[in-house]
Amino acid sequence: NKDNPNDTVFFQSNNAQLHIGKGLDENLTVNQGTLAFQNCGNYVDWNFNSLIIEPNGTVEAWEGTTYFAESLFDNGGSFNHNMGLFISDHAIDGTVDVDGEIRFYDFRMAKSSSRNLNVADNDRLVVENFYDSHSGYLNNPLARLEIENDGWFRSTHQRGSIPGS
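These remarks concern the structure in this document. (Residues numbered from 1 in each chain as written. Predicted model: local features only at pLDDT ≥ 70, side-chain atom pairs only at ≥ 80, totals over all residues. Heavy atoms only, no water.)

### A look at the packing of aromatic side chains
Rule in force here: Aromatic rings from Phe, Tyr and Trp, with only the six-membered ring used for Trp, were paired whenever their centres fell within 6.5 Å, and each pair was classed as stacked if the ring planes differed by under 30 degrees, edge-to-face if by over 60, and tilted otherwise. A run of H or I in DSSP counts as a helix once it spans at least four residues, and a run of E counts as a strand once it spans at least two, with each numbered from the N terminus.
If you walk through the whole model with that rule in mind, you get 8 aromatic pairs. Residues Tyr 43 and Tyr 67 carry aromatic rings whose centres are separated by 5.9 Å and whose planes lie at 85° to one another, so their mutual orientation is edge-to-face. Of this pair, Tyr 43 sits in strand E4 (residues 43-47) while Tyr 67 sits in strand E6 (residues 65-68), and the two are 24 residues apart along the sequence. The structure contains a cluster of three or more aromatic residues connected by ring pairs, namely Phe 68, Phe 79, Phe 86, Phe 104, Phe 107 and Tyr 131.

Below you can see the structure in the form of structure tokens.
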């Protein structure tokens, strides 16, 4: 909780996980104001179930590497990737539901080989710089993956059902 709901909360920790409650059983919701990541060393690991950004909330991501295990919901708030690398990892299925479009600078799909990152109907994942399909499935034929620069699809690539452009 903040004294002023419009204030910014900064998360600063060197190469640490951000745990909320019981970890992967809990959600982190940004209702109002800004959650910003700074001085996080080489990476930050969002170790919770879902990040939920509400219409008056903003997330300023770490400019380095961010791991996220499960889900990301943007319900009309603001998400700034800060030119960082996002890695969807972990042996748990996840969801991206962003009411239209979310932009990443670099994005790596690295879930366990039988796990999914499901994108909501009519949503677009836009990767501005580099997309790396390492393992796991990016799914939903009614969603879209757009790679604006480069992509790397390994020979063992597990595409899933999302169409690309």
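### Focus on the nonpolar core
Keep this limit in mind: In this text, buried Ala, Val, Leu, Ile, Met, Phe, Trp, Tyr and Cys residues form a nonpolar core when linked through side-chain atoms within 4.5 Å. Accessible area is worked out with a 1.4 Å probe on protein chains only. A residue is then buried under 20% of its type maximum, exposed over 50%, and partly exposed in between. We call two residues contacting when some pair of their heavy atoms lies within 4.5 Å.
Counting 31 residues, the largest nonpolar core has Trp 46, Leu 51, Phe 79, Phe 107 and Leu 125 as the members making the most contacts within it. When contributions to this core are tallied by element, the ones reaching two or more residues are strand E3 (27-37), E4, strand E5 (50-60), strand E11 (101-111), strand E12 (116-119) and strand E13 (124-135). For Phe 79, the residues in contact, after removing those within four places along its chain, are Trp 46, Ile 53, Val 59, Ala 61, Asp 74, Phe 86, Ile 102, Arg 103 and Phe 104.

### Section: the environment of Ser 78
Structurally, Ser 78 can be placed in strand E8 (residues 78-80). Note on Ser 78: relative accessible area 34%, which makes it partly exposed. In contact with Ser 78, not counting residues within four places along its chain, are Ile 53, Gly 57, Thr 58 and Val 59.

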